[in-house]
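The chain contents come next:
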Amino acid sequence: KLRLGSYNQQGVLTISSSTENVMVISASNVGIGTSTPDANLDIEDSSVAEVRVKDTGGTGYVRIQHNGTTGFIGTEGAVGFNLLTNGSERLSILSGGDVGIGTTSPTFKLEIHDASEPLLLSGSADIKFRMDKAGSGKYDIVNEGNRLTIQEGGQKYFGVGGDGGVVVASSS
């Protein structure tokens, strides 16, 4: 049983079943699962609120979801996900999990590409880039302010100072 009409409120259209409000249009706001929408589109559910966008010929869809504690934006099915700014793709996540910044077809877990700008790592403490192969050691490239070093477990193996001096160390 579906009712279409207003409940003594001028300018409010309510579409409901016999037991709950299904959709409310009030002023310029639309509410699904709520009788008092607080935004242009307000979707509420007692367990998981979800919006799906799908091309009828596609194999997957875009999903926006909230389960009460965590929000999700992503895809379902074997499709990638891209973030755009100013109409251009800036970040791509392929269906297999590879991430590209500046490329829409990354071939590594993280691939950053820009022909004109360098990658900038910045901070007030020493900057560290860690390479870690499970079970075989962790190697760090560290910017220590006035020198760049390659280290393993804090042991410095190679360094270049701001004055151009080179240091090579050995653990033996």
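In case you missed it, the structure is sitting above this.
Here's a quick rundown of the structure. Owing to the predicted nature of the structure, the values given are computational and were not obtained by experimental measurement.

Take the side chain of S92 next. Along the polypeptide, S92 turns up in strand β10 (residues 88–93). Those residues in contact with S92 that lie beyond four places of it in its chain are F81, N82, D98, V99, G100, T103 and T104.

Attention now goes to the environment of A78. Following the sequence through the fold, A78 ends up in the loop between β8 (71–76) and β9 (81–85). With 19 residues separating them in the primary sequence, A78 and T59 have C-alpha atoms 6.8 Å apart. Leave out the neighbours within four places in its chain, and A78 touches T59 and S95.

Attention shifts here to the pattern of salt bridges. A side chain with one charge may pair with a side chain of the opposite charge, provided their charged atoms come close. Applying the stated criterion to the full structure yields seven salt bridges. Residue E50 pairs with R52 through a salt bridge whose shortest N-O separation is 2.4 Å. When its relative accessible area of 53% is taken as the criterion, R52 is described as exposed. Salt bridges here are not isolated pairs; linked through shared partners, they connect K128, R130 and D140.

Sheet architecture is open: five strands sit in the order β13-β14-β15-β16-β17, paired in antiparallel fashion. Strand pairing shows two members of the sheet lacking a second neighbour, β13 (127–132) and β17 (166–168), which therefore form its edges. Across the sheet, the axes of successive neighbouring strands diverge by a mean angle of 15°, strand direction being ignored.

Any pair of aromatic rings gets described here by the distance separating the centres and the angle formed by the planes. Applying the stated criterion to the full structure yields zero aromatic pairs. In this arrangement the basic side chain of R63 is found over the ring face of F72, its NZ or CZ atom lying 5.9 Å from the centre.

The strand order across the open sheet formed by three strands is β6-β7-β8, and the pairing between neighbours is antiparallel. On the outer flanks of this sheet lie β6 (49–53) and β8, each paired with one strand and no other. Within the sheet, the average angular offset between the axes of one strand and its neighbour, ignoring direction, is 15°. In this structure, β6 lies alongside strand β7 (residues 61–66), joined through five bridges in antiparallel fashion. Bridge pairing links A49 to H66 in β7.

Thresholds applied
- Residues numbered from 1 in each chain as written.
- Predicted model: local features only at pLDDT ≥ 70, side-chain atom pairs only at ≥ 80, totals over all residues.
- Heavy atoms only, no water.
- Helix = DSSP H or I, 4+ residues; strand = E, 2+ residues; numbered from the N terminus.
- Contact = heavy atoms within 4.5 Å.
- Salt bridge = Lys/Arg side-chain N within 4 Å of Asp/Glu carboxyl O.
- Buried < 20%, exposed > 50% of the residue type's maximum accessible area, 1.4 Å probe, protein only.
- Pairing = 2+ DSSP bridges.
- Axes fitted to C-alpha atoms, helices over the stretch in contact; angles between N-to-C directions.
- Phe/Tyr/Trp six-rings, centres within 6.5 Å; stacked < 30°, edge-to-face > 60°.
- Lys NZ or Arg CZ within 6 Å of the ring centre and 35° of its normal.

Nothing here speaks to function; it is geometry throughout.
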